Amino acid sequence: MIRYLTAGESHGEALTGVVEGLPAGVPLTAADLNEHLARRWLGYGRGGRSKIENDRVHVYSGLRFSKTLGSPVGLRLDNGAYEKDRAGWPEKMALGGERGDVERVTLPRPGHADLAGAQKYGFDRPPRGPDLRPVIDRSSARETAMRVACCSTARQMLRELGIEVGSHVVRIGQVGFEDAEAWQDRAHALLQRDGGARALYEAADESATRMIDADLTEQCVEHIEETKRKRDSLGGAYEVVVTGVPPGLGSYAQWDRRLDGQLAQAILSIQAQKGVEVGDGVAGAGRYGSDTHDEIVRENGAGGNASSDAPSDALRRRTNRAGGVEGGVSNGMPLVVRGYMKPIPTLIEPLDSVDLESGEPQQTRYERSDVTSVPAASTVAEATVALVVANAVLERFGGDRFEQIRRRLTEERDRQ
Ligand SMILES: Cc1cc2nc3c(=O)[nH]c(=O)nc-3n(C[C@H](O)[C@H](O)[C@H](O)COP(=O)(O)O)c2cc1C
């Protein structure tokens, strides 16, 4: 199984990551990882060229001649602000020495980990506090940069197996598709192209808000601009789709082997993601069963028109409301998972808080922040979902060598 750990503070020297459990022989280069890292900067009003170019991951172990070795892959991503010594970060984040008169952050921001994290680790009072900097720096979504890099190793393995992961944004704040039916035809047409979910994410990447509808993109951009003028922030929703998934990933046999449960965790493990839905999960709660379940038919005709005696011969579904998972097991349809993100908690408009030093009520101060990060979050979600699917593939077809895995998967596909 593939596991990974990340380390690093957002204003520290660097983020590092170690990915363990990739089989030997997966074609992989730093450029593959950087492609997805750059996509994390997508979204109206985010980043800009300079930030994208700074985010280049350095691979320092686990590869030889552009293939994995089966040994841990070591990754490093330098933090631009620290490197350029902007705002004295090397002193503020010094690993050694004495604190001296380095400034303290004492006003917890609602919606961030600041207060709960400080209470947990004792940064809310002496001897370590009050100083919220350690909490702010590790709980920040900067960590998702290394997460994307780590998970993109697994994603590259999936790509070599013909399994693609993509996503698109379906809502930002109050502007979005009415319901899944409103985007399904368009998404389906993209998924039918060569590349499956890759075609979906490439189409979404063309939009300023990662939406596959030009009118909605425009409306969302306006909504973001208007929200900025109101000094507020927005959340939203997105859909992650995985194509080329064979039936039989995950299991109903034990709670922690259920693929749907693992997919939900992949989304909710990302900062600020507060809801998750597999397929039409939420809408299904208000529908009749007859409008919810995906009927089974033979490939060449409607159910009952048997073209073969073999029971597992080329069966397909009329619909994919289940999002490709039944009983915790992939059923051969594309996996569909939707994530719901809360509005960014750093607002220009102040929120009430209490200063931990003085104990006095105080309002949060102006901080530069994006209005929304939903487009970026959707690309992070692609990465975390890819890792779950890669592990499910390894569990089912696993081996230490990539060729073995590919051969077993091909045999299984031929059998279907
Ligand atoms: C890709 C991404 C970018 C984010 N950017 C910001 C940001 O610019 N400003 C901010 O206040 N929060 C941002 N957040 C959200 C915070 O990290 C998040 O709200 C915080 O960790 C608390 O949320 P939690 O309770 O889910 O951990 C971002 C989240 C993600 C996933």
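Bear in mind the structure is a predicted one, so any value in this text is a computation, not a measurement.

Conventions adopted
- Residues numbered from 1 in each chain as written.
- Predicted model: local features only at pLDDT ≥ 70, side-chain atom pairs only at ≥ 80, totals over all residues.
- Heavy atoms only, no water.
- Core = buried A, V, L, I, M, F, W, Y, C linked by side-chain atoms within 4.5 Å.
- Buried < 20%, exposed > 50% of the residue type's maximum accessible area, 1.4 Å probe, protein only.
- Helix = DSSP H or I, 4+ residues; strand = E, 2+ residues; numbered from the N terminus.
- Salt bridge = Lys/Arg side-chain N within 4 Å of Asp/Glu carboxyl O.
- Near = heavy atom within 4 Å.
- Polar contact = N/O pair within 3.5 Å; in protein donor to acceptor, adjacent residues only side chain to side chain.
- Areas by Shrake-Rupley, 256 points an atom, 1.4 Å probe, with all protein chains shown as cover.
- Nonpolar A, V, L, I, M, F, W, Y, C, P; charged D, E, K, R; others polar.
- Pairing = 2+ DSSP bridges.
- Axes fitted to C-alpha atoms, helices over the stretch in contact; angles between N-to-C directions.
- Domains from an automatic or database assignment.
- Contact = heavy atoms within 4.5 Å.
- Buried area = accessible area lost by both parts, 1.4 Å probe.

Q: Now, about the nonpolar core: what can you tell me, with residues and values included?
A: In this structure, Leu75, Ile163, Leu263, Val385, Val389 and Val393 are the most contacted members of the largest nonpolar core, which totals 80 residues. With 15 residues, helix H13 (residues 374-397) is the single largest residue contributor to this core. One finds Phe123, Leu132, Val135 and Ile136 within the second-largest nonpolar core, a separate group that totals 6 residues.

Q: Any details on the pattern of salt bridges? Residues and values, ideally.
A: When the charged atoms of two side chains lie near each other, side chains of opposite charge can form a pair. Evaluation of the coordinates by the stated rule reveals 34 salt bridges. When the shortest N-O distance is used, the salt bridge between Glu164 and Arg159 registers 2.8 Å. Neither Glu164 nor Arg159 differs from the other in exposure class; each is buried. Residues participating in the shared-partner salt-bridge network are Arg39, Arg155, Asp205, Arg210 and Glu382.

Q: Break down the site of the ligand for me, citing the residues and quoting the values.
A: Every one of the 18 residues lining the ligand counts as a neighbour, but Gly111, His112, Ala272, Lys274 and Thr346 are closest to it. Within the side chain of Lys274, one N or O atom sits 2.7 Å away from an oxygen atom of the ligand. Surface burial for the ligand is 83%, taken as the share of its 630 Å² of free accessible area covered by protein chains. Those elements that place two or more of their residues in the shell around the ligand are strand E11 (273-278) and H13. Class assignment for the residues of the shell around the ligand results in 8 nonpolar, 8 polar and 2 charged.

Q: Please give an account of the sheet that holds strand E7 (residues 73-78) that cites residues and values.
A: Read from one edge to the other, the open sheet built from 4 strands follows the order E1-E2-E7-E4, with strand pairing classed as antiparallel. The two strands at the open ends of the sheet, each matched to only one other strand, are strand E1 (3-7) and strand E4 (58-61). Ignoring which end each strand starts from, the neighbouring axes of this sheet average 20° apart. Alignment of strand E2 (residues 14-20) against E7, held across 6 bridges, turns out to be antiparallel. Note on E7: the bridge partner recorded for Gly17 is Leu75.

Q: Break down the domain arrangement of the protein for me, with residues and values.
A: When the domains of the protein are assigned, the result is domain 1 (99-140) and domain 2 (160-279 + 320-360 + 365-415). Each of domain 1 and domain 2 was reduced to a C-alpha centroid, and the two centroids are 31 Å apart. Domain 1 puts 14 residues into the contact, and the matching count from domain 2 is 13 residues. Counting the surface lost from both domain 1 and domain 2, the interface buries some 1,100 Å², and carbon and sulfur atoms represent 55% of this. Per-residue buried area on domain 1 facing domain 2 is highest for Thr106, Leu107 and Pro110; these three make up 42% of the total on that side. Summed over the shared surface of domain 1 and domain 2, the result is 0 salt bridges. Where domain 1 touches domain 2, the interface holds 6 residue pairs in polar contact (both at pLDDT 80 or more).

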